[in-house]
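Below are the chains, spelled out letter by letter.
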Amino acid sequence: MKLRYQFRLYPSAPQRTKLTRAFGCARVVWNDALRARQDAHKQDAKRPRAAELSKRFITDAKKTEERHWLDDVSAVVLQQSLRDLETAYSNFSASKKGTRKGPKMGPPKFKKKTSRQAVRFTTNARFSITEDGALRLPKIGDVKVRWSRTLPCAPSSVTVIKDAAGRYFASFVVEAEDKPLPELDLDETDTGIDLGLSSYAVLRGRKIASPKFFRRQEKKLRRAQRKLSRAVKGSNNRRKAKLAVSRIHARIADQRRDFIEQETTQITSESQAVYLEDLNVKGMGSKKGKRAKSVHDQSLGMFARTLEAKCHRYGRGFAKVDRWFPSTQLCSAPGCGSIEGPKGLEGLKIRKWTCSCGAVHDRDENAERNIRREGRRIVAEGRPDT
């Protein structure tokens, strides 16, 4: 399977200038090729092929007075920009036909100079890692890297990213084999996971408290955004204020990502099988109000995707329970199975309830037991990806 390894880069001032030039050249090639395809579509002409676009907007453009500066960056960066455009059109076409999974994709749009930029180097660009641990990029030089771990094999490509906070990263794509962990007793270690807001997740025998990274920084972020709104557009003070806001958001995102990585690693290491409720996270976060803000703060979708990927890589069982399964309302007591639990938005305030059979349930623990039981049934029927 393909994995991404991301590391922080520390380019020098001249290297930052060269990277900015590479970002801009890749953006110009994308926009020129997109405009050509749109014009051909409007004129009912034949769609220009990738080779024709490459010759017209890279090879021939370098010889013109208007685009001669394209020669200052690696040709592979420009070629990858055209390939990304082809991929965007392919995804749009597949989404329109209904053959692509996931949300519908719109047509490609023109790129603007935003606070986040990226370019990709493939093996054709002859990038390499030097003996002293620097990343050697064509027409840029040896860029300092802060390595947090070693790469499992030689990378096939590297994407250099500049985020909104002004930080640079190198994202390597490598081919990695699955690493099955030692098997555990399934009956003793499998767990259901009930995701929520009051508690981030409830597992078999333990709860994960909600970290609330955004809520903790909300007051500081509000002050920074107020300062940004008062700054004059185009001024140096506004640029500084915008960077301060971006750095707060970046800190929140880093903390949230680290939290999810640590928790999902612990869950896969101590559980032989995991059964997760298939929540409609996008729908939960689409509504306005405090609850929607908390849904975004939890980032439950990222947690679910990361956990599923790690379960597959480390040889753990994984199954999704249908989102309409009444895990909270269903009584988990043996032999009961009645649906009498709290329902609706008002039911969210009820943390404990008593069934007519006499069983007293903690709302979240009861949901975990029901999800675990339903997950076992799904696996027994041979449809773990439901």
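Keep in mind that this is a model prediction, so the values were computed, not measured.

Enquirer: Requested: an account of the overall build of the chain, with residues and values cited.
Expert: For the chain, the helix and strand inventory stands at 10 helices and 14 strands. Seen through its principal axes, the chain has C-alpha atoms that stretch 85 × 55 × 50 Å. By residue count, 42% of the 386 residues in the chain fall in the buried class. Residue pairs at least 24 apart in sequence account for 69% of intrachain contacts in the chain once pairs closer than 6 positions are excluded. With the model as given, the accessible surface of the chain reaches about 22600 Å², and the carbon-plus-sulfur share is 50%. Between the averaged position of the 84 positive side-chain charges in the chain and that of its 44 negative side-chain charges there is a distance of 10 Å.

Enquirer: Give me the pattern of salt bridges: which residues, what numbers.
Expert: Scanning all chains against the criterion turns up 27 salt bridges. Two residues, R136 and D142, come together in a salt bridge whose shortest N-O distance is 2.7 Å. Since its relative accessible area comes to 35%, D142 is described here as partly exposed. Two residues, K310 and E261, come together in a salt bridge whose shortest N-O distance is 2.8 Å. You can see K310 sitting in helix α9 (residues 300-313) and its partner E261 sitting in helix α6 (residues 236-270), a full 49 residues away along the chain. Classification of K310 by relative accessible area gives buried; the value is 11%. The network of salt bridges with common partners includes D163, R167, D254 and R257.

Enquirer: Tell me about the packing of aromatic side chains, and name the residues and values.
Expert: The final tally for this structure, using the stated rule, is 6 aromatic pairs. Between Y200 and F303, the ring centres sit 5.4 Å apart and the planes meet at 80°, which makes this aromatic pair edge-to-face. Within this pair, whereas Y200 is found in strand β9 (residues 199-203), its partner F303 is found in helix α9, the two being separated by 103 residues in sequence. Residue classification places Y200 among the buried positions, given a relative accessible area of 1%. Using a relative accessible area of 0% as the deciding quantity, one classes F303 as buried. Above the ring of Y89, the side-chain terminus of R37 is found at 3.7 Å from the ring centroid.

Enquirer: So what's going on with the side chain of Q298? Which residues, and what values?
Expert: Locating Q298 in the fold gives a position in helix α8 (residues 290-298). Overall, Q298 belongs to the buried group, its relative accessible area being 3%. Only 2.8 Å separates the side chain of Q298 from the side chain of S210, close enough to count as a polar contact.

Enquirer: Before we move on, could you go through helix α10 (residues 363-380) and cite the residues and values that matter?
Expert: With 18 residues, α10 extends 26 Å between its outermost C-alpha atoms, agreeing within 8% with the 26 Å of an ideal straight helix rising 1.5 Å per residue. Taken together, the buried positions of α10 are occupied by R363, D364, N366, A367, E368, N370, I371, R372, E374, G375 and I378. Where α10 begins, the side chain of D362 points an oxygen toward the backbone nitrogen of D364, at a separation of 3.1 Å. Positive backbone phi, at 80°, marks G382, one or two positions downstream of α10.

Enquirer: Give me the lowdown on the sheet that holds strand β1 (residues 2-10), citing residues and values where you can.
Expert: An order of β2-β6-β7-β1-β5-β4-β3 is seen for the 7 strands of this open sheet, with the pairing classed as antiparallel. Across the chains shown, the open sheet's two edge strands, defined by having one partner strand only, are β2 (117-122) and β3 (128-129). Relative to strand β7 (residues 168-175), β1 is paired through 8 bridges, and the arrangement is antiparallel. Looking at β7, one finds that Y5 is bridged to F172. Here helix α1 (residues 13-42) sits on the sheet in contact with β2, β5 (141-146), β6 (157-162) and β7, set at roughly 90° to β2.

Enquirer: Could you give an account of a positive patch on the surface, with specific residues and numbers?
Expert: A surface patch of positive charge is lined by K219, K220, R223, R226, R230 and R251. Tallying contributions element by element places helix α5 (residues 213-230) first for the positive patch, with 5 residues. By secondary structure assignment, the location of R226 is in helix α5.

Enquirer: So, the sheet that holds strand β10 (residues 206-209): which residues are in play, and what are the values?
Expert: Taken in spatial order, the 5 strands of this open sheet run β10-β9-β8-β11-β12, and their pairing is mixed. If you trace the sheet from one side to the other, it starts and ends with β10 and β12 (317-321), each paired once. Each strand of the sheet is rotated relative to its neighbour by a mean of 20°, with strand direction disregarded. Relative to β12, strand β11 (residues 273-277) is paired through 5 bridges, and the arrangement is parallel. Looking across to β12, one finds that Y275 is bridged to A319. Running over the sheet, α6 touches β8 (191-195), β9, β10 and β11 and is turned about 170° from β10. The strands touched by α9 within the sheet are β8, β9, β11 and β12, with β12 carrying the most contacts at an inclination of about 145°.

Enquirer: Residue-level account of the environment of V143, with values.
Expert: Here V143 is to be found in strand β5. Apart from the residues lying within four places of it in its own chain, the contact partners of V143 are L9, Y10, P11, Q15, A134, L135 and L137.

Enquirer: Kindly report on the packing of α6 against α9, identifying the contributing residues and their values.
Expert: At a minimum axis distance of 9 Å, the contact between α6 and α9 shows a crossing angle of 40°. The angle between the axes of α6 and α9 places the two elements in the oblique class. Here α6 runs over α9; the crossing is right-handed. Contacts from I260, E261, E263, T264, T265, I267 and T268 of α6 reach α9 at M302, F303, T306, L307, K310 and C311.

Enquirer: Account for the packing of α5 against α6, with residues named and values stated.
Expert: α6 packs onto α5 with a crossing angle of 170° between their chain directions and a minimal axis gap of 9 Å. The angle between α5 and α6 falls in the class roughly antiparallel. Together, F213, F214, Q217, K220, L221, A224, Q225, K227 and L228 of α5 and R238, A241, K242, V245, I248, H249, R251, I252, Q255, R256 and F259 of α6 make up the contact between the two elements. Grouping the constituent residues of the contact of α5 with α6 by class yields 10 nonpolar, 4 polar and 6 charged.

Rules of the game
Residues numbered from 1 in each chain as written. Predicted model: local features only at pLDDT ≥ 70, side-chain atom pairs only at ≥ 80, totals over all residues. Heavy atoms only, no water. Helix = DSSP H or I, 4+ residues; strand = E, 2+ residues; numbered from the N terminus. Buried < 20%, exposed > 50% of the residue type's maximum accessible area, 1.4 Å probe, protein only. Contact = heavy atoms within 4.5 Å. Areas by Shrake-Rupley, 256 points an atom, 1.4 Å probe, with all protein chains shown as cover. Lys, Arg positive; Asp, Glu negative; His and termini not counted. Charge placed at Lys NZ, Arg CZ, Asp CG, Glu CD. Salt bridge = Lys/Arg side-chain N within 4 Å of Asp/Glu carboxyl O. Phe/Tyr/Trp six-rings, centres within 6.5 Å; stacked < 30°, edge-to-face > 60°. Lys NZ or Arg CZ within 6 Å of the ring centre and 35° of its normal. Polar contact = N/O pair within 3.5 Å; in protein donor to acceptor, adjacent residues only side chain to side chain. Expected span 1.5 Å × (residues − 1). Pairing = 2+ DSSP bridges. Axes fitted to C-alpha atoms, helices over the stretch in contact; angles between N-to-C directions. Patch = residues over 30% accessible without salt bridge, like charges linked within 9 Å, V, L, I, M, F, W, Y side chains within 5 Å. Parallel < 35°, antiparallel > 145°, perpendicular 65-115°, else oblique. Left-handed = near helix turned anticlockwise from the far one by under 90°. Nonpolar A, V, L, I, M, F, W, Y, C, P; charged D, E, K, R; others polar.

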